[in-house]
Amino acid sequence: MIDAPARRVYELAKDQERFPQFMPDVEKVTILERRTNGVISRWKTLVEEAPIEWTEEDRFDDAALRIDYQLLEGDLDKFEGAWTFEHSEGATEVVLGVEYDFGVPTLAELIGPTLEKKVRENAEMMLAALKRQAESEASA
């Protein structure tokens, strides 16, 4: 739970170019195209010190406080999911859903459990960083 209004947390999550300022594993996010209800963005992150890069489409649903994202191209075969933001008991609950596939079945067999753990840890890190930033901005 994040001690800040859901709208504020949602708007912070939409401002992806700021992620490298407060998310240690996100090296760079570049907005390639801005649309009425979303963006096309290029990401460079680190997973276990290994760089992973991709381009994604993000669709913003301001009424539902939801961000859907989907891989367009990059180091993965599949990377998609959604962020949802709900106000509950004076705080915001954020759920980050992720579906991914590296596209190399042998690699998935060998490092699948490790990779799943890393994806989970990375998602938890992003949520924790979003929580710290939203709460610090809310109290300022």
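Note that the structure is a prediction, hence the values are computed from the model and not measured.

Asks: Tell me about the pairing of strand 3 (residues 50–61), residues and numbers included.
Replies: In this structure, strand 2 (residues 38–47) lies alongside strand 3, joined through 10 bridges in antiparallel fashion. Bridge pairing in strand 3 links K44 to E53. Where strand 3 lies against strand 4 (residues 66–74), 8 bridges are found, and the strand directions are antiparallel. Of the residues in strand 4, the one forming a bridge with D61 is R66. Connecting the antiparallel pair strand 3 and strand 4 is a turn made up of 4 residues, with L65 showing a positive phi of about 55 degrees.

Asks: Help me get a handle on the environment of L32, residues and values and all.
Replies: Topologically, L32 is positioned in strand 1 (residues 26–35). On the accessibility criterion, L32 (52% relative accessible area) is exposed. Contacts of L32, omitting those with residues within four sequence positions, involve I40, S41, R42 and T55.

Asks: Would you mind going over the side chain of T45 in detail, with residue names and values included?
Replies: Along the chain, the position of T45 falls in strand 2. If sequence neighbours within four positions are ignored, T45 has contacts with D25, V26, E27, A50, P51, I52 and W54.

Asks: Report on the side chain of T92, specifying residues and quantitative values.
Replies: Tracing the chain through its elements places T92 in strand 6 (residues 91–101). Exposure remark for T92: the relative accessible area of 0% places this residue in the buried category. A polar contact of 2.9 Å, which involves the side chain of T92, links it to the backbone nitrogen of A6. Once residues lying within four places of it in the same chain are set aside, the contact partners of T92 are M1, I2, A4, P5, A6, V9, F85, E86 and H87.

What counts, and at which threshold
- Residues numbered from 1 in each chain as written.
- Predicted model: local features only at pLDDT ≥ 70, side-chain atom pairs only at ≥ 80, totals over all residues.
- Heavy atoms only, no water.
- Pairing = 2+ DSSP bridges.
- Helix = DSSP H or I, 4+ residues; strand = E, 2+ residues; numbered from the N terminus.
- Buried < 20%, exposed > 50% of the residue type's maximum accessible area, 1.4 Å probe, protein only.
- Contact = heavy atoms within 4.5 Å.
- Polar contact = N/O pair within 3.5 Å; in protein donor to acceptor, adjacent residues only side chain to side chain.

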